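Chains, contacts and geometry: an overview
So the chains spell out like this:
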Amino acid sequence: MSEEMLKENVSAPEKQQEQPKVEQEKPLAKIKPAAKEIAELSNDNAVKADLMAWSSSAETVRSNTAQGSRANKLAEGAQFSLSLLAKELKAKYKGTVFGYAWSILIPFLQSIIYYCVFSVFLRFSIKDYFLYLFVGCMCWQFFSNVLLQGANSMICNANLIRKTTAPRWIFVLSSFSAEAVHLLLSIPVVLLLMLYCGRMLTFQAIWLFPLAFFSLCSLALGLTLAVAGINAYFRDLERILQILLQAWFYVTPIFYALGFVPEKYHTLIRLNPAYAPV
C-alpha cells in the first residue's frame, strides 16, 4: 500500500506539469489552421511554402513560451497579414503575360483614350494633359480597385474566417495593401513622364505627396471597411457600388480641370471627398 501511495504522489506532480502544456496548445490550435487553410485554397506553390513555414514558426513560438505574450500575438498577426498580402499579390496577375505591369498599363492606356477624345477631338487646353490624365487615372484605379475588391474580401475568405480567430479587418487590409503596393510601383513611371514633359519636382510637390497619399489611402480604407461589412449581409451593394463609382468618376476632375466646370458647381465638386486626394 505504501508503495502504491508513493507512486500516486510521484505521478500527481507529473500530471500537473503536463496539464499546462495542453492549455498552451489550445491557442495554437486556433492559429495554425489559418495559414494551413490559405495554403489549401492557394494554387501557388510558393505561397503554400510561405504559409506552411509561417504555421510551423507559430508552433515553435507557442511551444517555447510558457504563456502567449501580447508581443507574440502581435507578431503572429503581422506574419499572418503578410501571408495574406503575398497571396493577394501573387494571385491577382497569375497566369498573365505582363503580370504586375498591368497595374501601370491600365491607367496608361486609359490616359491615351481620354487624351485622344478630350484633347484631339474636344480640344481641352490643359498643359501637359497626358501627365494630368495619367496621374488622375492611376489614383482612381487604386481607389476603385480597393473598394471593389475589398467589398468582396470577407465573402471570398468566408471559409477562412469561419475556421480561424483572425480579425476580419485583416482580410480587408490585405486587399488594400496589395493595391497600395501597385500604386507605389507606378510612381517611377510618373517621374519619367514628368521628365519627358519638362516638369521638375518642387519642394511643394515633395511636401504635398505624402499628405495626398495618406488622404487617399485613409479615404479608400475607411470606405472599404464599411462597404465590406455591409456587403457581407447585403450582396446587392456590390452591383450598386459599380454604378456609384462610375458616376463618382465623372464628378471628380480627372479628365477635366475645375476651370471647365461652371462656377456655380465649384462648391459641389469641392465637397467631393475624392476631389482633393485624386
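Use the structure listed above.
Since the model is a prediction, treat every value here as computed from it, not as a measurement. (Residues numbered from 1 in each chain as written. Predicted model: local features only at pLDDT ≥ 70, side-chain atom pairs only at ≥ 80, totals over all residues. Heavy atoms only, no water.)

**Structural notes on the overall build of the chain**
Helix and strand content of the chain: 12 helices and zero strands. Overall, the chain shows an N-to-C arrangement of helices and strands of α-α-α-α-α-α-α-α-α-α-α-α. Looking at the chain as a whole, 38% of its 278 residues are labelled buried. Put simply, 71% of the contacts in the chain that link residues at least 6 apart link residues at least 24 apart. For the chain, the accessible surface area stands at approximately 17000 Å², while carbon and sulfur atoms represent 64% of it. (Helix = DSSP H or I, 4+ residues; strand = E, 2+ residues; numbered from the N terminus. Buried < 20%, exposed > 50% of the residue type's maximum accessible area, 1.4 Å probe, protein only. Contact = heavy atoms within 4.5 Å. Areas by Shrake-Rupley, 256 points an atom, 1.4 Å probe, with all protein chains shown as cover.)

**Observations concerning the layout of surface pockets**
Its volume calculated, the largest pocket comes out at about 1200 Å³. Surrounding the largest pocket, 33 residues form its lining, Val 135, Ala 205, Phe 209, Ala 212 and Val 278 being those nearest its centre. Counting only elements with at least two residues in the lining of the largest pocket, the list comes to helix 5 (129-151), helix 9 (187-196) and helix 10 (203-231). Taken together, the residues of the lining of the largest pocket break down into 26 nonpolar, four polar and three charged. (1 Å grid on protein atoms, 1.4 Å probe; cavity = no way out; pocket = protein on both sides within 12 Å on 5 of 7 lines; lining within 4 Å. Points joined across faces, edges and corners; volume = space filled by probe spheres on them. Nonpolar A, V, L, I, M, F, W, Y, C, P; charged D, E, K, R; others polar.)

**Here we look at the packing of aromatic side chains**
According to the stated counting rule, one finds 19 aromatic pairs in the structure shown. Judged by centre distance (6.2 Å) and plane angle (75°), the rings of Phe 108 and Phe 134 are edge-to-face. Of this pair, Phe 108 sits in helix 4 (residues 102-121) while Phe 134 sits in helix 5, placing them 26 residues apart in sequence. Through pairs of rings, three or more aromatic residues link up here, namely Tyr 114, Phe 118, Trp 140, Phe 143, Trp 248, Phe 249, Tyr 250, Phe 255 and Tyr 256. (Phe/Tyr/Trp six-rings, centres within 6.5 Å; stacked < 30°, edge-to-face > 60°.)

**Some remarks on empty space enclosed by the protein**
In this approach a probe as big as a water molecule rolls over the atoms, and the regions it shows empty are the leftover space. Within the structure shown, the criterion is met by one cavity of 30 Å³ or more. Looking at the largest cavity, its volume works out to about 40 Å³. Broken down by secondary-structure element, the contributors of at least two residues to the lining of the largest cavity are helix 5 and helix 8 (169-185). Here the lining of the largest cavity is composed, by residue class, of three nonpolar, four polar and one charged.

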